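These are the residues of each chain, in order.
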Amino acid sequence: MGLTLHNYTLSGSCYKVRLLLEFLQIDYHTISVDFFPGKEHKTPEFLALNPLGQIPVLEDGELQLRDAQAILCYLARKYDTSAQYLPDDPAAFGQIMMWLAFAGNELMAASAARLHDVLGYALNVENARAQAQSAFAILDDHLAEREILGKIWIVGEAPTIADIACFPYIALSGDGGIGHEPYPYLRNWMRAFRKLPRFHAMSGIPEFA
Amino acid sequence: MTVTSDIVALNQWLPVAYPGQVTSAKPHETLLLGQPIRLTAASDGTVTAVALDASGAPGRELPIIEQFAVIFTTLGDSPRPMPIIEAFDEPDRRIVNCGSVGVHASPFRIVENFLDMAHFCFVHTDILGAKNETEVLSYKTEHRQDVDEIWATGCQFFQPAASPAAAKAGEGQMTDYTYRVLSPFGVMLYKSALGYADRLDAICLFIQPKTETECIGYMPMALLDDTSSNTGMIDFQQTIFLQDRIILENQRPKLLPLTPRSEMPTRADLSSVAFRRWLKDSGMKFGLLHEEAA
Amino acid sequence: MEPILELTEPHAIALCDNIKPGGVHPIQLQDVELVLWRDYAGQAHVWHDRCPHRGMRLSFGFVKENRLTCLYHGWEYGSDGGCRKIPAHPEVTPPKTLCADILNVSESYGMVFVSAGENTVETNTEWVSVRSIFLECDGAQALAGIAEFVEITEAQENQVYLNKSNTVAVAVQPCSRTSCAIHLSTRSTDPTARLALAKRMVALRRKINQGLRT
């Protein structure tokens, strides 16, 4: 059957997985989920696949995985023979896990603001924006320190899945009314990311850098 | 929040929901030209609408028309008639409801972007335009007085993936376009359909102006397509609209200026020039920058 | 009413090191949107953030062969602000009047300044960046906070504050009436010293934000 991604084109979380699949040049099959307006991810059929009612879901043979961060770990471990995207070194591994958790939790406030502004989701958008801005400042601070040390990427000397997990919702934050003016280090990091070979954009992220 | 006093804006049929958005379990509250309204659905699916007063209490009932896969209402006493779009009655077409998307922009910036071809290569790269085929050839615009609509005809552009069907087939094509401004807040296009020599796909954009700078866009389509899934067709259109959205939200000033001094058009902008003139002649003030007031 | 730039004095808007060749940055100064970009020859440019075609913010654009290119229709602008190419009409030479709204830029103390005066670049490369930080307070309060760990003396030219030993430079960028950015640079390339200063700046931001919440 090969790799199958249950995907929604406008989903930043699915985009995390699509980015790594392209970086690793892995062939995969896509099943489009009618996220909006169909709410297909909340149907009984989809809940049987992922009881959390969320996308992305990855299928690889018998294996089924939910959660973009977990999927990134699996793909890196299984298919990245260079071990660049998820190194074995315990310190690097631990730091990457720390930033993956950040990407899956604190940074998701930016996703919430985007869902409110774009798709009309009912939620407290001012709170979401404030939480997202606090989270952005934390990564911007980290990247400022890395810059003083002459480093570009969140962990180590090369892009890892920490960068891939953090990139989408920061790059898409304008969709949710969050600008990048106060984050000069995030801007430089995003540009470096967009210049990577085999990077591809998505709606909401300008094509050219 | 105050309701606009602009009679031209008030006397329009405007979208307020897409089919299925309002259910008997869940009323839908929204804003139209500064007026809060509430939509409710009966158990048989019939939708009704009321204007809400400042305390949120229901006031006068508003008329509803459901057409072109969109639910419309009007705040005016003598609204501009609904347009006639025959494509939505043709039985062999796929009628696609793409939901709605919020945009922080003037409704007229959204209309102009829809009419524009010069951005295809930069905003919809490898879909509606190719990086090395940027020229916009001359086309015509006219004000069709009988229906009071602005039409742009004879438009052509090379497109790597012009439609969901064309994207699937992997075929680039020279696409013919005809644009039609249906009303100040409604616009549509007809474009070449893959495999149909003499019929055209129809794609509409109806804009719900919540305020002068905050809108909701509804994009129903009537397509000639036997190959794409419903999800695939929605996906295609939402991709395009979200690409336009970053442009729309970042144009300055937010309100559309009518004087050419501040925004320099080129020949490719013929339809936007015609649209701005038509808007000015209509007496519309809502959503527009009034530089001439000084 | 649209806000208007008041440039009776120069204003720091970035640290030089942060503006890399090919980079395009949105800058907020006195509530006015500006774009700061650096071409591949190393020259920084500051313009009003607005393409004269359909008003698209140029800060979303990209640098292509030393021209700032607008994201909407790909119009290309040269370093003097003049439009050089309109892709929709490749054979047309854009009229000279088609021009971005340009401002003057200078670089000194490791910072980029916008001013009403002439473009200047100091060749003094002794200054290296520490970091820029954005604060929800006005410039006076920000400087008072910085003064707690940097011995600031009076303002020099370009509204730059130096410490007594002339090893740290500080400048304030008034983003709006209620927010500002602080740009800090040093003469010391030692990363330990720069990291320590950066951490103090983050602590200051936390303190100011906490003050706002209570």
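Criteria and thresholds
- Residues numbered from 1 in each chain as written.
- Chains lettered and ligands numbered in written order.
- Predicted model: local features only at pLDDT ≥ 70, side-chain atom pairs only at ≥ 80, totals over all residues.
- Domains from an automatic or database assignment.
- Contact = placed C-beta atoms within 7 Å.
- Helix = DSSP H or I, 4+ residues; strand = E, 2+ residues; numbered from the N terminus.
- Nonpolar A, V, L, I, M, F, W, Y, C, P; charged D, E, K, R; others polar.
- Axes fitted to C-alpha atoms, helices over the stretch in contact; angles between N-to-C directions.
- Parallel < 35°, antiparallel > 145°, perpendicular 65-115°, else oblique.
- Pairing = 2+ DSSP bridges.
- pLDDT = per-residue confidence, 0-100.

Engineer: Whenever I open this one, the domain arrangement of chain B confuses me. Can you help?
Structural biologist: Where interface size is quoted, it is often the accessible area lost as the parts come together. Residues and elements named next belong to chain B. In terms of domains, chain B is made up of domain 1 (1-82) and domain 2 (83-293). Computed from C-alpha atoms alone, the centre-to-centre distance between domain 1 and domain 2 is 24 Å. Listed by partner, the interface residues are 19 residues for domain 1 and 23 residues for domain 2. Secondary structure elements with two or more residues in the side of domain 1 that touches domain 2: α1 (7-10), β1 (14-17) and β2 (28-32). Broken down by element, the side of domain 1 that touches domain 2 gets its largest block of residues, three residues, from β1. Here the side of domain 1 that touches domain 2 is built from residues that sort into 14 nonpolar, three polar and two charged.

Engineer: Could you clarify how one ought to interpret the environment of A:Ala158 in this entry?
Structural biologist: All names here are of chain A. Structurally, the position occupied by Ala158 is in the loop between α6 (125-148) and α7 (161-171). Along the sequence, Ala158 and Tyr8 sit 150 residues apart, while their C-alpha atoms lie 28 Å from each other. What Ala158 contacts, discounting residues up to four positions off in sequence, is Gln84 and Trp153.

Engineer: Would you take a moment to explain the packing of helix α1 (residues 12-23) of chain A against helix α3 (residues 68-79) of chain A for this structure?
Structural biologist: Helix-helix packing is characterised by the crossing angle of the two axes and by the distance between the axes. Residue and element names in this part refer to chain A. One can describe the packing of α1 onto α3 by two numbers: an axis separation of 9 Å at closest approach and a directional angle of 10 degrees. Here α3 runs roughly parallel to α1, going by the angle between their axes. Across from Ser13, Lys16, Val17, Leu20 and Leu21 in α1, the residues of α3 making contact are Ala68, Ile71, Leu72, Leu75 and Ala76. Across the contact of α1 with α3, the residue classes break down as eight nonpolar, one polar and one charged.

Engineer: How should the pairing of strand β9 (residues 102-108) of chain C be read in this particular structure?
Structural biologist: A regular strand places its side chains so that they alternate between the two faces of the sheet. All names here are of chain C. Here strand β4 (residues 44-48) pairs with β9 via two bridges, running antiparallel. The residue of β9 that forms the bridge with Trp47 is Ile102. Sheet topology note: the β9/strand β10 (residues 111-115) ladder contains five bridges and is antiparallel. What sits directly across from Val105, in β10, is Val114.

Engineer: Would you mind showing me how to read the confidence of the model for chain B here?
Structural biologist: The predicted coordinates of low-pLDDT regions are not to be read in fine detail. Here chain B averages 95 in pLDDT, and 98% of its residues register 70 or above. Taken over the whole predicted complex, pTM reads 0.96, whereas the ipTM for its chain interfaces reads 0.95.

Engineer: Where do I start with the sheet that holds strand β15 (residues 168-174) of chain C in this structure?
Structural biologist: Strand pairing in a sheet relies on backbone hydrogen bonds, with the paired strands running either antiparallel or parallel. Residue and element names in this part refer to chain C. One open sheet accounts for five strands, arranged β12-β16-β15-β14-β13; its pairing is antiparallel. One side of each edge strand has no neighbouring strand; the edge strands of this open sheet are β12 (128-135) and β13 (152-155). Each adjacent strand pair in this sheet contributes to an overall mean axis angle of 25 degrees, direction not counted. Across two bridges, strand β14 (residues 161-163) lies against β15 in antiparallel orientation.

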